[in-house]
Amino acid sequence: MISLRVQPRARRDELGEPLGGELKVRITAPPVDGQANEHLVRFVADSFGVPNSHVTLLTGGRNRSKRLRVAAPSRLPNGLSRP
């Protein structure tokens with residue numbers, strides 16, 4: 001499980017620095033009609049080397065703070081380590 005703080009409408013998609021217990025993520029999609037959540041799932045799946053179906057949004061569907069589950073990641077993004 002991963003806790004994220006999402007910033008929509010960013011210039012580019014990127015993982016940022018940790019903020020407390022959350023990892024900051026910037027995505028280019030606007031927070032309209034679920035577009036940001038769909039884009040976030042694709043970005044996280046690509047970052048962890050898994051199909052989109054392996055990423056599940058657990059909480060935060062309408063908030064900037066979100067919790068996601070990534071099933072069987074094949075790699076970790078730069079700057080992240082296993083607990």
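Computed from a predicted structure; not experimentally measured.

Enquirer: Run through the sheet that holds strand S4 (residues 55-59), naming residues and quoting values.
Expert: Ordered by their spatial adjacency, 5 strands build an open sheet running S2-S3-S1-S5-S4, and the pairing between neighbours is mixed. In this open sheet, the two strands that pair with only one neighbour each are strand S2 (14-19) and S4. Across the sheet, the mean angle separating the axes of adjacent strands is 40° when strand polarity is ignored. Where S4 and strand S5 (residues 65-70) come together, 4 bridges link them in antiparallel fashion.

Enquirer: I'd love a proper account of the side chain of Lys66, names of residues and values included.
Expert: Position of Lys66 among the secondary structure elements: in strand S5. Separated by 2.5 Å, the side chain of Lys66 and the backbone oxygen of Gly60 make a polar contact. Beyond its immediate sequence surroundings of up to four residues, Lys66 is in contact with Ile2, Ser3, Leu4, Val6, Asn37, Leu40, Leu57, Thr59, Gly60 and Gly61.

Enquirer: So what's going on with helix H1 (residues 35-48)? Which residues, and what values?
Expert: With 14 residues, H1 extends 20 Å from end C-alpha to end C-alpha; this agrees with the ideal 20 Å at 1.5 Å per step. Within H1, 10 of the 14 residues are buried, leaving the element largely enclosed by the surrounding structure. Along H1, the residues that are buried comprise Ala36, Asn37, His39, Leu40, Val41, Phe43, Val44, Ala45, Ser47 and Phe48. Of the surrounding elements, those touching the buried residues of H1 are strand S1 (2-7), S2, strand S3 (22-26), S4 and S5. After H1 finishes, the residue Gly49 shows a positive phi value of roughly 70°.

The rules we used
- Residues numbered from 1 in each chain as written.
- Predicted model: local features only at pLDDT ≥ 70, side-chain atom pairs only at ≥ 80, totals over all residues.
- Heavy atoms only, no water.
- Pairing = 2+ DSSP bridges.
- Helix = DSSP H or I, 4+ residues; strand = E, 2+ residues; numbered from the N terminus.
- Axes fitted to C-alpha atoms, helices over the stretch in contact; angles between N-to-C directions.
- Polar contact = N/O pair within 3.5 Å; in protein donor to acceptor, adjacent residues only side chain to side chain.
- Contact = heavy atoms within 4.5 Å.
- Expected span 1.5 Å × (residues − 1).
- Buried < 20%, exposed > 50% of the residue type's maximum accessible area, 1.4 Å probe, protein only.

By themselves, these are just geometric observations and shouldn't be taken as functional.
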